[in-house]
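# Secondary and tertiary structure notes
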Amino acid sequence: MKGALVFAFIAAVALYLPTIRYGFVQDDRAIIVSNPAAHSIGAGLAAFHDPYWPRETGAGLYRPGTILSYALDWTLFGGRPGWLHVMNALWHGLATVLLVALLARWLPPLGATAAGLVFAWHPVHVEAVASLVGRAELLVAVGILGAVLAARRGQWVLAVLCAALAMLSKEHGVIVGVVILLDRWLCSDASSPLSRRACPERSEGERGTGGEGYPTSFWIALGVVTLGFLGAWLSIGWVGENDAAGVFYGTGMWSRLAIALPAALRAVMLLVWPASLSVDYSPQVIPARVGPSLAALVGLSMAVGVPALAWWCRRRGPAISFTAGIAALSYLPTSNFFFASGVVLAERNLYLAVALPAAVIGWGATWLAARRGLRLAAVTAAILVAVCGWRSFARLPAWQDNRTQLLTLLSDHPESYRAHASAAAVLAGLHDTAGARREYRAADSLFSGDPYLDGAHAIFLIGIGDTTAAVPLIERRAGAPVGERMTLRAQFLLELARRHSAEAHAIADSAARRFAGEQRWYLPYQQ
């Protein structure tokens, strides 16, 4: 089995070696390049008191483990983006190895290796690995999978440390305790021959609900770490409604589900048939529906079906049951089912969920080998792995730099309002006034519910002297709590353009008192 682990690691890393030529793209600049906490180990350790996003952005979140990993890389490699990309590839390789090691409990070498290679080369992973801010997904996966493997081996301290790594890397790391319970539960059925073969370390007296055999002190330590993280996240990383995606602003539960359920369907489609990929799934890549739809109904069946699959396969295919549980649990925090999150859907958030189709293919290869022979099973698995690798390799250039990413998005998904908004900002920076106006109008026609877009559009119009067109955009968002920081900036510039200095300074003072770090934005205009 060691050879299979080495092969899976090399395959996972090799696919992403071309990213050594890539730079910092999109959020990489705010999180890494412009963030002093990511530039030295000391600053990274001090960032345990700070949110993931710089405070002046108002975006929040709490991922100090991820920031510390950037700080370590920056210290070792001098901030060269190519080497940070290599480290992403290495973390991805480690996550792949851990998954193969876990699945080897239930699958023979062929099945576990096939599953590992599908996981390593699945096209959905391109965003998480090729984008440097995708590091959070890689670290949380390593933490969760490492904690399960360490707990299996009775390495309790290591399991708790891996759990802490998962939580401090990204929010859905809190599922680690449930995943460990799920893994233990799958070995709890003494009546299953597969369970007895796969879990020989458990005696008959230990088989029960799944939690027996693990010391109480381990569960207490895991609970303390989990509660500590939740406390830190709520006090440092939570910023309330501003963390939601624009499409969810001002929506109730049913309206939110009308959007979230079709997104769940799209997520399943990406896992099964990743032909159409995107760096953005905001409106209208996923339509902003306001009521029931067929897509929502099918999405609901998917949301119910994956947990049902985990239950149904607990004896027939525990590898599928285990990965179905991981898929559902890891997707839940960004599913928007219970509360609105910062994205409608993102491929990077499906990183762990890819374990489910990988396990299905591994199980299928095992079934085929038993009935039709090893050669046919190996050839079939190799074809599926090669298709995944080809699609991923073809997708890699989309993350080479900001220009390539934006042009790819505009070409593949011209229905994305965020693509046109980004294009407008670029054209405005190039002083292409007509082009920027055109792209802002296109973005607004696709989706008019984003207060940040309205604010940016208004600021652009004021900058070119068209205050008349800016006023309706500002009035549209006046008094709304979401996006207020951007609206106040636009109001401030409008008052300056009207030569109402007293009103402008009053707005600046109010914004500085209400939003941390906001005073720095207003200072250049007040001198």
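Scanning the protein chain for helices and strands turns up 25 helices and zero strands. For 527 residues, the compact-globule estimate of 2.2 N^0.38 gives 24 Å, and the protein chain sits close to it at 24 Å. Overall, the C-alpha framework of the protein chain stretches about 80 × 45 × 45 Å when taken along its three principal axes. With 527 residues in all, the protein chain has 53% of them scored as buried. The contacts of the protein chain with a sequence gap of at least 6 include a subset with a gap of at least 24, amounting to 72%. Split by element, the accessible area of the protein chain, about 22,400 Å² in all, is 65% carbon and sulfur.

Moving on: the packing of helix 23 (residues 484-497) against helix 24 (residues 501-514). Between helix 23 and helix 24, whose axes approach to 8 Å, the crossing angle comes to 160°. Accordingly, the angle class assigned to the pair helix 23 and helix 24 is roughly antiparallel. Note on packing geometry: the crossing formed by helix 23 with helix 24 is left-handed. For the pair formed by helix 23 and helix 24, the contact residues are Glu484, Leu488, Gln491, Phe492, Glu495 and Leu496 on the first element and Glu503, Ala504, Ile507, Ala508, Ala511 and Arg514 on the second. Of the residues belonging to the contact of helix 23 with helix 24, the class tally is seven nonpolar, one polar and four charged.

This paragraph deals with the side chain of Asp280. Looking at where Asp280 falls in the secondary structure, it is placed in the loop between helix 13 (253-272) and helix 14 (294-316). Taking the relative accessible area as the measure of exposure, Asp280 reaches 5% and is therefore buried. Of the polar contacts made by the side chain of Asp280, one reaches the side chain of Ser282; its length is 2.7 Å. Separated by 2.4 Å, the side chains of Asp280 and Ser416 make a polar contact. If we skip the residues at most four places from it in the chain, Asp280 touches Val285, Leu409, Ser416 and Arg418.

The next thing to look at is the packing of aromatic side chains. Within the structure shown, the criterion is met by 21 aromatic pairs. The interplanar angle of 50° and the centroid separation of 6.4 Å between the aromatic rings of Tyr249 and Tyr452 together place this pair among those described as tilted. Here the residue Tyr249 occupies a position in the loop between helix 12 (216-237) and helix 13, and Tyr452 occupies one in helix 21 (residues 451-463), the gap between them amounting to 203 residues. One aromatic cluster in this structure is built from Trp156, Tyr214, Phe218 and Trp219. One cation-aromatic arrangement involves Arg314 over Trp311; the distance from NZ or CZ to the ring centre is 3.9 Å.

A word on the side chain of Glu127. Mapped onto the elements of the fold, Glu127 is located in helix 7 (residues 125-130). Given the relative accessible area of 3%, Glu127 is considered buried. There is a polar contact of 2.5 Å between the side chain of Glu127 and the side chain of Arg348. The residues touching Glu127, leaving out its near neighbours within four places in the chain, are Ser278, Val279, Glu347, Arg348 and Trp399.

A separate point is the environment of Leu493. Inspection of the secondary structure assignment puts Leu493 in helix 23. A relative accessible area of 10% places Leu493 in the buried class. Sequence spacing of Leu493 and Ala504 is eleven residues, and the spatial spacing of their C-alpha atoms is 7.3 Å. Each residue touching Leu493, except ones within four places of it in the same chain, is listed here: Ile459, Ile462, Trp521 and Tyr525.

By the burial criterion, the buried members of helix 22 (residues 467-477) are Ala470, Val471, Leu473, Ile474 and Arg477. Looking at the buried residues of helix 22, the elements they touch are helix 21 and helix 23.

In this section: the nonpolar core. Ile32, Ile180, Phe322 and Leu350 are the most contacted members of the largest nonpolar core, which has 148 residues in total. When residues in this core are grouped by element, the largest group, eleven residues, is from helix 8 (residues 135-152). If sequence neighbours within four positions are ignored, Phe322 has contacts with Leu102, Trp106, Val148, Val179, Leu182, Asp183 and Leu186.

Let us look at the confidence of the model for the protein chain. The predicted model of the protein chain has a mean per-residue pLDDT of 92, with 94% of residues at 70 or higher. Predicted confidence for residues 203-211 stays below pLDDT 50, and this span has 23 contacts to residues more than four positions away or in other chains.

The next point concerns a nonpolar patch on the surface. Among the surface-exposed residues, Ile41, Leu45, Leu72 and Leu76 lie close enough to one another that they form a single nonpolar patch of about 360 Å² accessible area. Elements with a contribution of two residues or more to the nonpolar patch: helix 3 (41-46) and helix 4 (64-77). Mapped onto the fold, Leu45 is located in helix 3. Classification of Leu45 by relative accessible area gives partly exposed; the value is 49%.

Position of Arg105 among the secondary structure elements: in the loop between helix 5 (81-103) and helix 6 (109-121). With 97 residues separating them in the primary sequence, Arg105 and Ala8 have C-alpha atoms 16 Å apart.

Attention now goes to unusual backbone geometry. Going from Pro283 to Gln284, the amide bond is cis rather than trans, its omega being 0°. Locating Gln284 in the fold gives a position in the loop between helix 13 and helix 14. The phi torsion at Leu61 lies on the positive side, around 75°, for a residue other than glycine. Tracing the chain through its elements places Leu61 in the loop between helix 3 and helix 4. For Leu61, a relative accessible area of 16% puts it in the buried group. For Asn336, which is not a glycine, the phi torsion comes out positive at approximately 70°. Take Asn336: it is sitting in the loop between helix 15 (318-331) and helix 16 (355-372).

Calculation rules
- Residues numbered from 1 in each chain as written.
- Predicted model: local features only at pLDDT ≥ 70, side-chain atom pairs only at ≥ 80, totals over all residues.
- Heavy atoms only, no water.
- Helix = DSSP H or I, 4+ residues; strand = E, 2+ residues; numbered from the N terminus.
- Rg over C-alpha atoms; globule rule 2.2 N^0.38 Å.
- Buried < 20%, exposed > 50% of the residue type's maximum accessible area, 1.4 Å probe, protein only.
- Contact = heavy atoms within 4.5 Å.
- Areas by Shrake-Rupley, 256 points an atom, 1.4 Å probe, with all protein chains shown as cover.
- Axes fitted to C-alpha atoms, helices over the stretch in contact; angles between N-to-C directions.
- Parallel < 35°, antiparallel > 145°, perpendicular 65-115°, else oblique.
- Left-handed = near helix turned anticlockwise from the far one by under 90°.
- Nonpolar A, V, L, I, M, F, W, Y, C, P; charged D, E, K, R; others polar.
- Polar contact = N/O pair within 3.5 Å; in protein donor to acceptor, adjacent residues only side chain to side chain.
- Phe/Tyr/Trp six-rings, centres within 6.5 Å; stacked < 30°, edge-to-face > 60°.
- Lys NZ or Arg CZ within 6 Å of the ring centre and 35° of its normal.
- Core = buried A, V, L, I, M, F, W, Y, C linked by side-chain atoms within 4.5 Å.
- pLDDT = per-residue confidence, 0-100.
- Patch = residues over 30% accessible without salt bridge, like charges linked within 9 Å, V, L, I, M, F, W, Y side chains within 5 Å.
- Salt bridge = Lys/Arg side-chain N within 4 Å of Asp/Glu carboxyl O.

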